[in-house]
Amino acid sequence: MIVAKNIHKKFDQLHVLKGVDLEVKKGEIVAIVGASGAGKTTLLQILGTLEKPSKEFASSLLIDGDSILSLNDKELSIFRNKKLGFIFQFHQLLPEFTALENVCIPAFIAGKEKKEAEEAAHYLLNYLGLSHRSNHKPGELSGGEQQRVAVARALINQPAVIFADEPSGNLDTQSAENLHELFFKLRDEFGQTFVIVTHNQTLANMADRKLVMKDGLFATSEL
Ligand SMILES: Nc1ncnc2c1ncn2[C@@H]1O[C@H](COP(=O)(O)OP(=O)(O)O)[C@@H](O)[C@H]1O
Ligand SMILES: [Mg+2]
């Protein structure tokens, strides 16, 4: 699903990623852990096509069979909309829109009809136990509910991969546990692939693979 080779990132003199290699198979849940500043978010942003690796190195990045580094910005934004889902630490829902509308937005961007998008959004919100909250705005929802709306938004275009950066970093223990269980349920029922950056050791240990990032590379002891 993902084949990344020799990914480097420099911010001026700061060499943050130093030749990262990563392969992720379909239906796999990979957790990335490591100290703050190790480069986890930078890597996730590059894998998620939101950032580009530094050009002076011979890097390659295949996602769902597409070679990403040769796409232009317009092609990238289409690819991102159709193939990738994102979940962030702070849900990043649009405050003036309802849960249902927030979930529909990526489907509208993908050119879906209103009716079709809303049906899919209703299905997902119901699946995530949120049908009674669909017409509420994010500010009226709990942190756990907001994060589940963000999961529905990430899922609506049936992405090949979901990237999550500290998805439970802002949740209480119970809501975090529920969110983690949801990831595994989505993997088991739909074969959903996840790459998750987390400080949560329980989640990292439940994952199919736990990768430890240290000074811009994966440490060899993978566990
Ligand atoms: N846009 C940027 N410009 C300059 N430095 C950055 C930028 N983004 C991240 N960094 C630096 O890169 C390093 C890795 O950051 P990050 O990937 O966010 O680490 P992590 O997510 O593991 O905490 C840090 O030293 C950070 O300050
Ligand atoms: Mg980070």
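Refer to the structure above for everything that follows.
Residues numbered from 1 in each chain as written. Chains lettered and ligands numbered in written order. Predicted model: local features only at pLDDT ≥ 70, side-chain atom pairs only at ≥ 80, totals over all residues. Heavy atoms only, no water.

Engineer: Looking at this structure, I do not really get the packing of aromatic side chains. What am I missing?
Structural biologist: Inspection of every chain in the model, using the stated rule, returns 5 aromatic pairs. The interplanar angle of 55° and the centroid separation of 5.5 Å between the aromatic rings of tyrosine 127 and phenylalanine 190 together place this pair among those described as tilted. Taken together, the residues span a long stretch of sequence, with tyrosine 127 in helix H4 (residues 114–127) and phenylalanine 190 in helix H6 (residues 173–190) at a distance of 63 residues. Residue tyrosine 127 is classed as buried on the basis of its relative accessible area of 19%. Put simply, the rings of Phe86, Phe88 and Phe163 touch in pairs and so form one group of aromatic residues. The ring of tyrosine 127 has lysine 185 sitting right over it, with the charged end atom 4.6 Å from the ring centre. (Phe/Tyr/Trp six-rings, centres within 6.5 Å; stacked < 30°, edge-to-face > 60°. Helix = DSSP H or I, 4+ residues; strand = E, 2+ residues; numbered from the N terminus. Buried < 20%, exposed > 50% of the residue type's maximum accessible area, 1.4 Å probe, protein only. Lys NZ or Arg CZ within 6 Å of the ring centre and 35° of its normal.)

Engineer: Even after reading the chapter, I still don't get empty space enclosed by the protein, so can you show me in this structure?
Structural biologist: A probe matching the size of a water molecule, rolled over the atoms, marks out where space remains unfilled. For the structure on display, the rule yields 2 cavities of 30 Å³ or more. The space that makes up the largest cavity amounts to roughly 50 Å³. Lining the largest cavity we find Ile46, Thr49, Glu51, Lys52, Pro53, Leu61, Ile68, Leu69 and Leu76. The residue makeup of the lining of the largest cavity, split by class, is 6 nonpolar, 1 polar and 2 charged. Considering only enclosed or pocket space, the second largest cavity measures out at about 40 Å³ in volume. Around the second largest cavity, the lining residues are Leu44, Gln45, Leu50, Phe86, Ile87, Phe88, Phe163, Ala164 and Asp165. Breaking the lining of the second largest cavity down by element, the ones donating at least two residues are helix H1 (40–47), strand S6 (84–87) and strand S7 (161–165). The element contributing the most residues to the lining of the second largest cavity is S7, with 3 residues. The residue inventory of the lining of the second largest cavity, partitioned by class, reads 7 nonpolar, 1 polar and 1 charged. (1 Å grid on protein atoms, 1.4 Å probe; cavity = no way out; pocket = protein on both sides within 12 Å on 5 of 7 lines; lining within 4 Å. Points joined across faces, edges and corners; volume = space filled by probe spheres on them. Nonpolar A, V, L, I, M, F, W, Y, C, P; charged D, E, K, R; others polar.)

Engineer: Just checking my understanding: could you explain helix H3 (residues 99–109) for this structure?
Structural biologist: In an α-helix, one turn spans 3.6 residues, which is why side chains three or four residues apart end up on the same side. Among all positions in H3, only Ala99, Leu100, Asn102, Val103, Cys104, Pro106 and Ala107 are buried. Looking at the buried residues of H3, the elements they touch are helix H2 (73–83), H4 and helix H5 (143–155). (Contact = heavy atoms within 4.5 Å.)

Engineer: Any chance you could explain the layout of surface pockets here in plain terms?
Structural biologist: Within this model, the largest pocket holds a volume of roughly 450 Å³. In terms of lining, the largest pocket is formed by 18 residues, of which the most central are Asn81, Phe86, Pro106, Ile109 and Arg153. Elements with a minimum of two residues in the lining of the largest pocket: H2, S6, H3 and H5. If one sorts the elements of the lining of the largest pocket by residue count, H3 sits on top with 4 residues. Looking at the lining of the largest pocket residue by residue, the classes come out as 10 nonpolar, 6 polar and 2 charged. The space that makes up the second largest pocket amounts to roughly 390 Å³. For the second largest pocket, the lining is made up of 20 residues, of which Leu155, Ile156, Asn157, Gln158 and Pro159 are closest to its centre. Secondary-structure elements contributing two or more residues to the lining of the second largest pocket are H4 and H6. Considering each element in turn, the lining of the second largest pocket owes the most residues, 5 residues, to H4. Among the residues making up the lining of the second largest pocket, the classes are represented as 12 nonpolar, 4 polar and 4 charged.

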